[in-house]
Amino acid sequence: MFCDFLISLVASYIAVLVSAAGLINGTAGIVFSVMEVIIVSLLFFTREEKAFTRRVVGSFIAYPLLVLLTSKSGLYEQAFILFNPQYYNEYGIGFDYSFGFIVIWLPFAGVMLALSALISRMLCNIVRRKIEYED
């Protein structure tokens, strides 16, 4: 059970990192979202129904909390400053970036988290059917 909790935290934080990558650079956000789907699908993969449910539900509960924690600690802004110092010095982070972040990248990373859960469940069902077929 503790392992499922840790897996859901790691999966949620990967989604948070994808949203930060989208804030920094949209192309990087897309590339990291593909990596998110692959890694999180592997993290969610388990044949035990209860463990899968705990992992998915835990990650969806932890995702907004980690976004809030990361935002309040200023890590999003620090990441933007680190990768775009010249833009930040001239313009700062304005409404256009906040709007794109809140409307596009946060929901996009959450959808990728849900897609990862769906892919993991489909892979698990394929493995389960293959094992039943061999027996």
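Residues numbered from 1 in each chain as written. Predicted model: local features only at pLDDT ≥ 70, side-chain atom pairs only at ≥ 80, totals over all residues. Heavy atoms only, no water.

**A few points about the overall build of the protein chain**
So, step 1. Helices and strands together make up the secondary structure of the protein chain, namely 6 helices and 0 strands.
So, step 2. Tracing the protein chain from N to C terminus, the helices and strands come up as α-α-α-α-α-α.
So, step 3. Each principal axis of the C-alpha atoms in the protein chain carries an extent, and together these give about 65 × 25 × 20 Å.
So, step 4. Counting across all 135 residues of the protein chain, residues that qualify as buried make up 37%.
So, step 5. Relative to all contacts within the protein chain whose residues are 6 or more apart in sequence, the contacts with residues 24 or more apart total 76%.
So, step 6. Per element, the accessible surface of the protein chain, about 8300 Å² overall, is 72% carbon and sulfur.
So, step 7. Between the averaged position of the 9 positive side-chain charges in the protein chain and that of its 10 negative side-chain charges there is a distance of 10 Å. (Helix = DSSP H or I, 4+ residues; strand = E, 2+ residues; numbered from the N terminus. Buried < 20%, exposed > 50% of the residue type's maximum accessible area, 1.4 Å probe, protein only. Contact = heavy atoms within 4.5 Å. Areas by Shrake-Rupley, 256 points an atom, 1.4 Å probe, with all protein chains shown as cover. Lys, Arg positive; Asp, Glu negative; His and termini not counted. Charge placed at Lys NZ, Arg CZ, Asp CG, Glu CD.)

**Some words on the packing of helix 1 (residues 2-24) against helix 3 (residues 49-72)**
So, step 1. It is at 7 Å that the axes of helix 1 and helix 3 come closest, and there the two elements cross at 45°. Taken as axis vectors, helix 1 and helix 3 run oblique relative to one another. Helix 3 is crossed by helix 1, and the crossing has right-handed handedness. Contacts from Asp4, Ile7, Ser8, Leu9, Ala11, Ser12, Tyr13, Ala15, Val16 and Ser19 in helix 1 reach Ala51, Arg54, Arg55, Gly58, Ser59, Ala62, Tyr63, Leu66, Val67 and Thr70 in helix 3.
So, step 2. Residues of the contact of helix 1 with helix 3, tallied by class, amount to 11 nonpolar, 6 polar and 3 charged. (Axes fitted to C-alpha atoms, helices over the stretch in contact; angles between N-to-C directions. Parallel < 35°, antiparallel > 145°, perpendicular 65-115°, else oblique. Left-handed = near helix turned anticlockwise from the far one by under 90°. Nonpolar A, V, L, I, M, F, W, Y, C, P; charged D, E, K, R; others polar.)

**A few points about the side chain of Ser41**
So, step 1. Looking at the secondary structure, you find Ser41 in helix 2 (residues 26-44).
So, step 2. A polar contact is formed between the side chain of Ser41 and the backbone oxygen of Val37, at a distance of 2.6 Å.
So, step 3. Beyond its immediate sequence surroundings of up to four residues, Ser41 is in contact with Glu36, Ser116, Ile119 and Ser120. (Polar contact = N/O pair within 3.5 Å; in protein donor to acceptor, adjacent residues only side chain to side chain.)

These values are about where atoms sit, not about what they do.
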